[in-house]
Every structure is written in C-alpha cells, then in structure tokens.
Amino acid sequence: MKTILPGQTIGIIGGGQLGRMMGLAAKEAGFRIAVLDPTEDSPCGQIADYKIVAAYDDETALNELAKMSDVITFEFENIDYEGLKKLSEKAYVPQGADLIRITQNRINEKTEITAAGAPVAPYVSADSFEELERKIEKVGFPCVVKTAFGGYDGKGQMKIDSMDQLEEARSLFEHSSCIAEAFVPFTKEVSVIIQRGVDGQSYCLPIAENIHKDHILHESIVPARINAGVTEKAIEAAEKIANHLELIGTLAVEMFVLTDGNILINELAPRPHNSGHYSIEACNVSQFHQHVRAVCGWPLREPKLWAPSIMVNVLGEHVEPLQKEIGSYPDWSIHLYGKAEAKEKRKMGHVTIMTDDLKKTLEEIEASTVWFNK
Ligand SMILES: Nc1ncnc2c1ncn2[C@@H]1O[C@H](COP(=O)(O)OP(=O)(O)O)[C@@H](O)[C@H]1O
Ligand SMILES: [Mg+2]
C-alpha cells in the first residue's frame, strides 16, 4: 500500500479514450502520465507526458513502463495476464493481475460473480462445439452463445433460437471456449460503477440506465428510471462482487432488470466504463478522478449527482453532423477523443447534457440531426 503524489508518474496500459480521460483527470492534480499503446497517435498518447509505442505484451516495453512509472493501471481488460502478473512483481500494480484474469474470461467471470452471491442467468460453459451440444438443454432456447475471450460491442456473440440453429454458433469456437446463457427478456439494462480504495472503502456512482443500438451503447440516462427496490438490489450485488474480488480501483457491473424487479448480472469491466462518462460533468467526483484516487492510495469521495444527465455516444457517422450542430446547443458538453479516422460505428466521442427535465432533453436529442437521419 502506497500513496502516490502529484509530480509522480502514473503508467497506463492502453491508449484509448478511457486512458485519455483517466490521464486528463490525473494531470489536473499534477501527475505525469506514461502510456503503452501500439499506435503512434493514440487518444491517450496525445495527452501523455511519456509514450511507449509497442504491443501490450511486449516485455521490454512493459519493463520500460515499469521503470518510468510510480504506479501502473490499465484502461482495458484484454491485456496478457501472464505479462501483467510478471509486471506486478517488479512494479506497483495495486489493482493486481487477478482482476484481469477473471474479467477477461466470461467463464471465470460468471464463476466469481456466482461465488460472490450475486445472480446470473442460467449458463453453461464449453470448450468445444460438441460439448456445447451436449450441455445446451440445461439452458434451453432462446440463448446467447458468447466467446469466453475478447468480445466487445456485441462482437463474438450470437443469439440462437432453436436446436436447428445451434450449428451457427460452431464458428465462435474457432476463437476460444464459449459460454451459452439463457436469453434474458429484460425491461432495462443498467450499470453500477463501483470504486474501492486501498483501505476497502467503496462507493457506487449513481446508477445509469443504458440504451443500446446494434449492441453498441447509444445513450446512458442518469439516474436510471428504476424504483428504490431495484436500486438497492443493484448496489448490494455490486458491493458483494467488489468485496469478493477485493477490488482496488474501478469495476463496472452491467445488469439486466427483469419485470418482477429482480436483477441479473450480465458482465463486469475492471475499468472506467462508457456508461460512467456522464460523471465528468454531472458528479462532484468523476469515475476517472475517483479511479486515480483509488490507485494512488487517496481516500475516495462519496459521489453526488449535481443534476439528472444524459450521455450520448458519438460514433464515426455522427461526427460530421455533430460539428454542424455544436452552435445550436450550448448545454451540450462535447468530448471528442482525437481519433483520426471517423469509421462507421467507431466510438469517436460523447456528449453529456445535464438537465432538469429528462423527458424534454431526450426529445431534443431525438429532434437533432446528429443521431437520427431526418
Ligand atoms: N443473455 C442475454 N439476454 C438478452 N440480451 C443479451 C444477453 N447477453 C447480451 N445481451 C445484449 O447484448 C449486449 C452486449 O452483450 P455483452 O455480454 O454485454 O457483451 P459486450 O458488451 O462485451 O459486447 C448487452 O448489453 C445486451 O443488450
Ligand atoms: Mg456489455
């Protein structure tokens, strides 16, 4: 356990937008930022003091990062576990490597969520398609088959409606082992971002209600439009998981809300999360500031929401129309991540709008030409 102070260097593995926003928060306090990313002009590389351009599992590069950093954190979970474990033996990695081992593999993740006493949808795991065929009756149809490793934004998963269709999931095994889980007829998706300091004190950010389009997060509405009973269950589940994992840093817990008011945990992310970006403007402590506090051994602050908020993602196809509309919306906080190529569906930025009237602001978003073709 160490306290890291301004002037010292925070090393970040991964140079995407999450690293960039973490770095910007840290720089406000006077920390220096070192980043490891394979691309020359990464979103975090643009704001970092030191940049190492190499693969995430490049041992020489990791050693270099260790030498220049007083503490090391990460902005995504798909890093090499063995490499991180080795790194944590010679550098200060307060979050530990085990958090990565668990959250980068859906099979480990479900096992640990269950061991923590939090609910998940019925599921089976399988190393081969034949094993899946033998086990699938335990889950039934419709179900969702997901690769254990490497999926994001709905990639690496397939909804299967019947035994006849199961064959379509065979190709997923080319990538890795898989899980099959029951399709959940949820009424809402919400996420709880829980952050825990080295002293074991944890806080949850206000719960976000998440609306996806084509499996990509479109909009987060905060506070989530759920009742007090659901809120309580969601927070209780997040706390159970964080305590079970002995979390240090940030854990985003994605959940399904069912018609009867119960919840099921969908998946975990061991880092700041897209659905928590609203906290930059709308809270007294953002998920990025709180994350920096946690890994630097500072006491965490109890989050407060200043105003209801909506965060809308800006994908490649939204950048041009957004730039045309900026002059019309003084209340929109614009965040663009500095990515050169505005490819379709690529996350390029987000917009946060604080409001006293969620309904009216949702209508304003629908009426703009940024996200909806008119
Ligand atoms: N079992 C399920 N039942 C219903 N919808 C699901 C299920 N699993 C995933 N989804 C939908 O697909 C989205 C993406 O799945 P998720 O497991 O979160 O993968 P990722 O976010 O890594 O792509 C979820 O947010 C949800 O909308
Ligand atoms: Mg997800």
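Residues numbered from 1 in each chain as written. Chains lettered and ligands numbered in written order. Predicted model: local features only at pLDDT ≥ 70, side-chain atom pairs only at ≥ 80, totals over all residues.

1. Considering the overall build of the protein chain
Definition in use: Going along the chain from the N terminus, every DSSP run of H or I of four or more residues is numbered as a helix, and every run of E of two or more is numbered as a strand. Only C-alpha atoms enter the radius of gyration; for comparison, a globular chain is expected to reach 2.2 Å times N to the power 0.38, where N is the number of residues. To sort residues by burial, count the other C-beta atoms lying within 10 Å of each one's C-beta; a count of 20 or more means buried, 12 or fewer means exposed, and anything in between means partly exposed. C-beta atoms are built from the backbone. Contact between two residues is assigned when their C-beta atoms, built from the backbone, lie within 7 Å.
Counting secondary structure elements, the protein chain contains 11 helices and 17 strands. Taken over the C-alpha trace, the protein chain has a radius of gyration of 20 Å; the compact-globule value for 374 residues is 21 Å, and the two agree within 12%. Taking the principal axes of the C-alpha coordinates as reference, the protein chain spans close to 60 × 50 × 40 Å. Across the 374 residues in the protein chain, those meeting the buried criterion constitute 43%. For the protein chain, the proportion of contacts with a sequence separation of at least 24, taken over those separated by at least 6, is 62%.

2. Things to note about the packing of helix 2 (residues 59–68) against helix 3 (residues 81–90)
Threshold: Between N-to-C directions, angles span 0 to 180 degrees; the directions come from axes that are lines fitted to C-alpha atoms, helices contributing only their stretch in contact. Crossings are assigned a handedness: left-handed for a near helix turned anticlockwise from the far helix by less than a right angle, right-handed for a clockwise turn. Here the term charged refers only to Asp, Glu, Lys and Arg, the term nonpolar to Ala, Val, Leu, Ile, Met, Phe, Trp, Tyr, Cys and Pro, and the term polar to all other amino acids, Gly among them.
It is the contact of helix 2 with helix 3, at a shortest axis distance of 10 Å, that shows an interaxial angle of 30 degrees. Helix 3 is crossed by helix 2, and the crossing has right-handed handedness. Counted together, E59, L62 and A66 of helix 2 and G83, L87 and K90 of helix 3 form the full contact between these two elements. When its residues are assigned to classes, the contact of helix 2 with helix 3 shows three nonpolar, one polar and two charged.

3. Some details on the sheet that holds strand 2 (residues 32–37)
Which entries qualify depends on this criterion: Pairing between strands requires that DSSP locate at least two bridges from one strand to the other.
Strand order in the open sheet formed by four strands is 3-2-1-4, and the pairing between neighbours is parallel. Each end of this open sheet is capped by a strand with a single partner; those strands are strand 3 (50–53) and strand 4 (71–74). Going across the sheet, the axis of each strand differs from the next one's by a mean of 20 degrees, ignoring polarity. Taken together, the four bridges between strand 2 and strand 3 define a ladder with parallel strand orientation. Looking across to strand 3, one finds that V35 is bridged to K51.

4. Concerning the site of ligand 1
Under the convention used in this document: As a rule, any residue with its backbone-derived C-beta atom within 6 Å of a molecule or strand is reported as near that molecule or strand. An automatic or database domain assignment is the source of the domain bounds shown.
V144, G151, G154, F183 and V184 are the nearest of the 15 residues found near ligand 1. Of the residues assigned to the shell around ligand 1, the class counts are five nonpolar, five polar and five charged. For the shell around ligand 1, the two domains that each supply at least three residues are domain 2 (122–182) and domain 3 (188–367).

5. Notes on the environment of A91
Topologically, A91 is positioned in the loop between helix 3 and helix 4 (98–103). For A91, a count of 19 C-beta atoms within 10 Å gives the class partly exposed. Considering only alpha carbons, one finds A91 and D70, 21 residues apart in sequence, at a separation of 7.7 Å. With residues near it in sequence (within four places) discarded, A91 still touches A66, S69 and I72.

6. Focus: the sheet that holds strand 7 (residues 157–160)
With respect to topology, four strands assemble into an open sheet ordered 5-8-6-7, the strand pairing being antiparallel. Of all the strands in the sheet, the pair left with one neighbour each is strand 5 (123–126) and strand 7. The mean inter-strand angle of the sheet, taken between neighbouring strand axes irrespective of direction, is 20 degrees. On the sheet, helix 5 (residues 106–115) packs against strand 5, strand 6 (143–147) and strand 8 (178–182) and is oriented at approximately 50 degrees with respect to strand 8.

7. Examining the domain arrangement of the protein chain
Domain annotation for the protein chain reports domain 1 (9–93), domain 2 (122–182) and domain 3 (188–367). Each of domain 2 and domain 3 was reduced to a C-alpha centroid, and the two centroids are 28 Å apart.

8. Notes on unusual backbone geometry
Note on backbone geometry: most residues besides glycine have negative phi, and most peptide bonds are trans. Here the amide bond leading from F141 into P142 is cis, since omega sits at -5 degrees, within 30 degrees of zero. By secondary structure assignment, the location of P142 is in the loop between helix 6 (129–135) and strand 6. The omega angle of the peptide bond from V222 to P223 is 0 degrees, so this bond is cis rather than trans. By the secondary structure assignment, P223 is in the loop between strand 12 (216–222) and helix 7 (228–244). Even without a glycine there, the phi angle at D214 is positive, about 50 degrees. Its place among the elements puts D214 in the loop between strand 11 (208–213) and strand 12.

9. Brief notes about the packing of helix 1 (residues 17–29) against helix 9 (residues 287–295)
Convention followed: Under this scheme an angle from 65 to 115 degrees is roughly perpendicular, one under 35 degrees roughly parallel, and one over 145 degrees roughly antiparallel; angles in between are oblique.
Running from amino to carboxyl end, helix 1 crosses helix 9 at an angle of 70 degrees, the nearest separation of the two axes being 8 Å. Between helix 1 and helix 9, the crossing angle belongs to the class labelled roughly perpendicular. Classified by chirality, the crossing of helix 9 by helix 1 is right-handed. From helix 1, M21, M22, A25 and A26 reach across to helix 9, where they touch F288, H289, H291 and V292. For the contact of helix 1 with helix 9, a count of residues per class yields six nonpolar, two polar and no charged.

10. Remarks on helix 5
As a reminder, the rule being used: The reported arc concerns the directions from the helix axis to the C-beta atoms and nothing else.
Regarding helix 5, the residues found buried are R106, I107, E109, K110 and I113. All buried residues of helix 5 project into a common sector of 165 degrees when viewed along the axis, lining one side. G117 occupies a position one or two residues after helix 5 and carries a positive phi of about 90 degrees.

11. Things to note about the environment of F186
Following the sequence through the fold, F186 ends up in the loop between strand 8 and strand 9 (188–196). F186 sits 75 residues away from G261 along the chain, and the two C-alpha atoms are 9.9 Å apart. Leaving out residues up to four positions away in the same chain, F186 has contacts with F256, V257 and L258.

12. Some points on the nonpolar core
Stated formally: Think of a nonpolar core as buried Ala, Val, Leu, Ile, Met, Phe, Trp, Tyr and Cys residues chained together by C-beta atoms that fall within 7 Å.
Counting 82 residues, the largest nonpolar core has I33, A234, I241 and V253 as its most contacted members. Looking at this core element by element, the count peaks at six residues for helix 7. Non-local contacts of I33, meaning those with residues more than four positions away in its chain, are made with I10, I12, G23, A26, K27, I47, A48 and D49. Residues L132, V139, C143 and C178 belong to the second largest nonpolar core, which totals 14 residues.

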